[in-house]
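# Secondary and tertiary structure notes
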Amino acid sequence: MPPRVHLTTEESERLPALLSRVAARRHGFPADADASVQASWIAERYADEAPLTTNLITLLLFEHGVHRSVDQVSRDLAILRGETDHD
């Protein structure tokens, strides 16, 4: 079951085009990498005209077989940006 996210109108409009790219990018997904690397990979590979939101990253991770909550993805991205302690 997909993660529970509440998409904005803009996110809902972007989602179908993003999902259409999953099959072509599935082979390069770093399945064995840590969570922040996976979130970063999604953010880099799927951002087109605008950066991806945490909701969209969470759904795209799900499509790549990773089951995380939007809260966890948000924490993973914060770690990647160096905004939190990650002892």
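In short, a report on the structure. (Residues numbered from 1 in each chain as written. Predicted model: local features only at pLDDT ≥ 70, side-chain atom pairs only at ≥ 80, totals over all residues. Heavy atoms only, no water.)

### Observations concerning the side chain of E11
Within the secondary structure layout, E11 lies in helix α1 (residues 9–19). Buried within the structure, E11 lacks any salt-bridge partner; its nearest side chain of opposite charge belongs to R14, at an N-O separation of 7.4 Å. A polar side-chain atom of E11 sits 2.7 Å from the main-chain amide nitrogen of T8. Non-local contacts of E11, meaning those with residues more than four positions away in its chain, are made with H6, T53, N55 and L56. (Helix = DSSP H or I, 4+ residues; strand = E, 2+ residues; numbered from the N terminus. Buried < 20%, exposed > 50% of the residue type's maximum accessible area, 1.4 Å probe, protein only. Lys, Arg positive; Asp, Glu negative; His and termini not counted. Salt bridge = Lys/Arg side-chain N within 4 Å of Asp/Glu carboxyl O. Polar contact = N/O pair within 3.5 Å; in protein donor to acceptor, adjacent residues only side chain to side chain. Contact = heavy atoms within 4.5 Å.)

### Regarding the pattern of salt bridges
Enumeration over the complete set of coordinates arrives at four salt bridges. With a shortest N-O distance of 2.9 Å, D48 and R14 are connected by a salt bridge. Of this pair, D48 sits in the loop between α3 (35–46) and α4 (54–63) while R14 sits in helix α1, and the two are 34 residues apart along the sequence. Owing to a relative accessible area of 34%, D48 belongs among the partly exposed residues under this scheme. Under the relative-accessibility criterion, R14 is labelled buried at 9%.

### Points about the nonpolar core
Counting residues in each nonpolar core, the largest one holds 18 residues, and the members touching the most others are I42, Y46, L52, I57, L60 and L61. Elements that contribute at least two residues to this core include exactly α1, α3, α4 and α5 (70–80). (Core = buried A, V, L, I, M, F, W, Y, C linked by side-chain atoms within 4.5 Å.)

### Section: the packing of α3 against α4
Across the interface, α3 lies against α4 with an axial gap of 10 Å and an inter-helix angle of 105°. Here α4 runs roughly perpendicular to α3, going by the angle between their axes. Within the contact between the two elements, α3 uses Q38, A39, I42, A43 and Y46 and α4 uses I57, L60 and L61. (Axes fitted to C-alpha atoms, helices over the stretch in contact; angles between N-to-C directions. Parallel < 35°, antiparallel > 145°, perpendicular 65-115°, else oblique.)

### Notes on α1
Along α1, the residues that are buried comprise E11, R14, L15 and L18. Looking down the long axis of α1, one finds its buried residues gathered within 125° of arc, a one-sided arrangement. Residues T9, E13 and P16 are exposed on α1 and point more than 90 degrees away from its buried face. The inward-facing, buried residues of α1 abut α2 (22–25), α3 and α4. (Arc of directions from axis to C-beta.)

### Looking at the packing of α1 against α4
Where α1 contacts α4, the axes come no closer than 11 Å and their chain directions differ by 30°. In terms of axis orientation, α1 runs roughly parallel to α4. The handedness of the crossing between α1 and α4 is right-handed. Where α1 approaches α4, its residues E11, R14, L15, L18 and L19 are matched on the opposing element by N55, L56, L59, L60 and E63. Grouping the constituent residues of the contact of α1 with α4 by class yields six nonpolar, one polar and three charged. (Left-handed = near helix turned anticlockwise from the far one by under 90°. Nonpolar A, V, L, I, M, F, W, Y, C, P; charged D, E, K, R; others polar.)

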